[in-house]
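What follows is the residue order along each chain.
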Amino acid sequence: MSAVTAAHAPALTVADPTFGDDWWQRGVVYQVYPRSLQDTDGDGVGDLPGITRRLEHLRDLGVDAVWLSPIYPSPGLDVGYDVADHSAVDPTYGTMADFDALVAAAHGMGLRVILDLVMNHTSDQHRWFTESRRSRTGEYADWYIWRDPSGVDRRGRPRPPNDWQSFFGGPAWTWEPAREQFYMHTFLVQQPELNWRSPAVRDAQMTMIRGWLDRGVDGFRLDVFNAFFKHADLPDNPPIRDPRRWHGRGAYFRQEHLYDKDQPELHDWLREFRAVVDERPGRMTVGEQFSGTGVTGALPFVEPRHLVFDFRTIETPWSAAAWAESQRVQDQGYVGDTWPTLVLSNHDRSRQVTRLREGRHVRGLDQDALAKAAAVLLLASRGTPFLYYGEEIGLGDSAIPRRDIVDPPARQSLLQRLWAPWWNRDQCRGPMPWTGGTGRGFTTGRPWLPFASDSGTRNVAGQDGDPRSVLATYRALLALRRASPALHVGASAPVAEGPDVYAWRREHDGEVFLCAVNFTDRETAFTLPGTGGEGRAWQVRYDSVDPVRTEPLPAPGSVAMRPLEALVLEPR
Ligand code: GLC
């Protein structure tokens, strides 16, 4: 077989029997930050018709599903993660008819649509909260986490019920004079926490979920799902006294979060939720582990057909040994009915080419070479990959002047002059550059955030048709992955674990692949193992440095791997 170049896999229709109900295990999900993919009305903000317009790009790329970050009406204090109505579409993005058109167009191309459900909290502008804050009686009175003060301080002011802190800074409790009670919020003051112990809240949310399923939605990402339940008695969280164990900035990170997340009630909830989703076969769900402890913290909350973002891969630095360790932990953890996720970027973290180049281990790596090598790690490892828009062209973070910061915790930490400022998430949310022209094919107006500084040359049009581009790499790897069960569902075993090269084997039903990545920016020798077949050499199926390489490689034998070279090999 010849090396796979930019060949596009044939599009699958949603009803395709070969793709079955477990498409989410074999497939690849593409995350869209709706404000930043494509603007169609010139307001500088992306919208739903824009996403519909770009579905062909996703189909040609070869992904299986598109996950939309929140599209619901929102005052935008947490840029959409503060939802004012879970069952509607924010007019900034369009109408419900636009949404239906998007789903129909996606399904027509064999692409699934996944929505982001933010159900831990709502916006303080949500009607449930405006009613709830009014009085201690009434239909919505217990829909949020309300508590009496624990006493008064020396100046006679009410004291919060316990020591819990907000992840975004400040206490997790805000006083509401109308009720003379505090309400709880893990995030902003304007993001009050829902009370999942209320049957009425459960019913309302399950009804909302059924409504989206009825509209044809194929799955959900659950925002901070492990925070839904808090301990019923609201005990104080114990302090962490050893500064070496403070894994973040601010008071939140100086506590052991024993009681404000990861409560056992979540198991029942997940089963109930999955049962609702399973009323329609073939729907996928993935929960975002919030402030978690990686694979160990995620595993208890992985249910059959329910994935969890443990963020192990996004937190792994650019090092062969570190990546080998990360894969070992995932491979050994996710067995039986459980299945890992693979993530290198999302709307909360620095994009991989920026983050990994600035890492402790290496500096100044070539951006394209790094993007391609990282793509092999993401798309040929065991698990469901989640791509973040722009990574298919090797997009890096945008530079945002301090005075223009939009991201609320970043603004807040700037205003409060915190000792260690919050990383400004606007940097990874920049608009997608489609062309090198004015507005980069994204907008005819003024973009809501600046483009990455190299977007004049790093854009989709500039890479389309270039077999050496990052875009061609993603297309080739996605096509190869789709055509090869060993690469999507196969078992994985390490072959080399550093210091320079990480190599691993994927295998399924007699199909075998050997993948290897040189993490260094110098040439390094790598010893190829035998293929397992007498006299059979290794055939190059993908080479990040030479995408048209065809000569066989010796098995066993030594190969000189070029700087940041990534290889996917198959026995000939
Ligand atoms: C999740 C989202 C993040 C948001 C937070 C609060 O972590 O990914 O963007 O700020 O939840 O909703």
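Please refer to the structure placed before this passage.
Residues numbered from 1 in each chain as written. Predicted model: local features only at pLDDT ≥ 70, side-chain atom pairs only at ≥ 80, totals over all residues. Heavy atoms only, no water.

Chemist: Any chance you could break down the overall build of the chain for me, citing the residues and the numbers?
Modeler: Regarding its fold elements, the chain presents 15 helices and 20 strands. At 24 Å, the chain has a C-alpha radius of gyration in line with the 25 Å of a compact globule built from 572 residues. Principal-axis analysis of the C-alpha atoms gives the chain an extent of 80 × 50 × 50 Å. Burial statistics for the chain: of 572 residues in total, 59% are counted as buried. In the chain, of all internal contacts separated by at least 6 residues, the share reaching a separation of at least 24 is 68%. For the chain, the computed accessible surface area is about 21900 Å², with 50% contributed by carbon and sulfur atoms. (Helix = DSSP H or I, 4+ residues; strand = E, 2+ residues; numbered from the N terminus. Rg over C-alpha atoms; globule rule 2.2 N^0.38 Å. Buried < 20%, exposed > 50% of the residue type's maximum accessible area, 1.4 Å probe, protein only. Contact = heavy atoms within 4.5 Å. Areas by Shrake-Rupley, 256 points an atom, 1.4 Å probe, with all protein chains shown as cover.)

Chemist: Outline the sheet that holds strand 15 (residues 501–508), supporting the account with residue identities and numerical values.
Modeler: The strand order across the open sheet built from five strands is 14-15-16-20-18, with neighbouring strands paired in antiparallel fashion. Whereas interior strands pair on both sides, the edge strands pair on one side only; in this sheet they are strand 14 (491–497) and strand 18 (538–543). Strand-to-strand twist of the sheet, defined as the mean angle between neighbouring strand axes without regard to direction, takes the value 25°. Pairing geometry for strand 14 and strand 15, over six bridges, is antiparallel. Following the sheet pairing, Ala491 is matched in strand 15 by Glu507. Lying on the sheet, helix 14 (residues 470–483) is in contact with strand 16 (511–518), strand 18 and strand 20 (566–571); it crosses strand 18 at an angle near 135°. (Pairing = 2+ DSSP bridges. Axes fitted to C-alpha atoms, helices over the stretch in contact; angles between N-to-C directions.)

Chemist: Describe unusual backbone geometry, listing the residues and the values that go with them.
Modeler: A cis amide bond links Gly498 to the next residue, Pro499, at an omega of 0°. Mapping Pro499 onto the fold places it in the loop between strand 14 and strand 15. A positive phi angle is found at Glu180, which is not glycine, with a value near 50°. Here Glu180 lies in the loop between strand 7 (173–176) and strand 8 (181–184). With a relative accessible area of 51%, Glu180 lands in the exposed category. Phi angles above zero are rare outside glycine, and Ser291 is one such case at about 45°. Within the fold, Ser291 resides in the loop between strand 10 (284–288) and helix 8 (294–298). Since its relative accessible area comes to 25%, Ser291 is described here as partly exposed.

Chemist: Please give an account of the site of the ligand that cites residues and values.
Modeler: The local shell around the ligand holds 14 residues, among which Asp78, His121, Asp223, His347 and Asp348 are the closest. Between the ligand and the protein, one listed contact pairs an oxygen atom with a side-chain N or O atom of Arg221 at 3.1 Å. Arg425 is positioned such that a nitrogen or oxygen atom in its side chain is 3.0 Å from an oxygen atom of the ligand. Class assignment for the residues of the shell around the ligand results in four nonpolar, three polar and seven charged. (Near = heavy atom within 4 Å. Polar contact = N/O pair within 3.5 Å; in protein donor to acceptor, adjacent residues only side chain to side chain. Nonpolar A, V, L, I, M, F, W, Y, C, P; charged D, E, K, R; others polar.)

Chemist: Provide a residue-level description of the side chain of Gln31, including the pertinent values.
Modeler: Looking at where Gln31 falls in the secondary structure, it is placed in strand 1 (residues 29–32). With a relative accessible area of 1%, Gln31 lands in the buried category. For Gln31, the residues in contact, after removing those within four places along its chain, are Trp67, Ser69, Asn346, His347, Leu387, Tyr388 and Tyr389.

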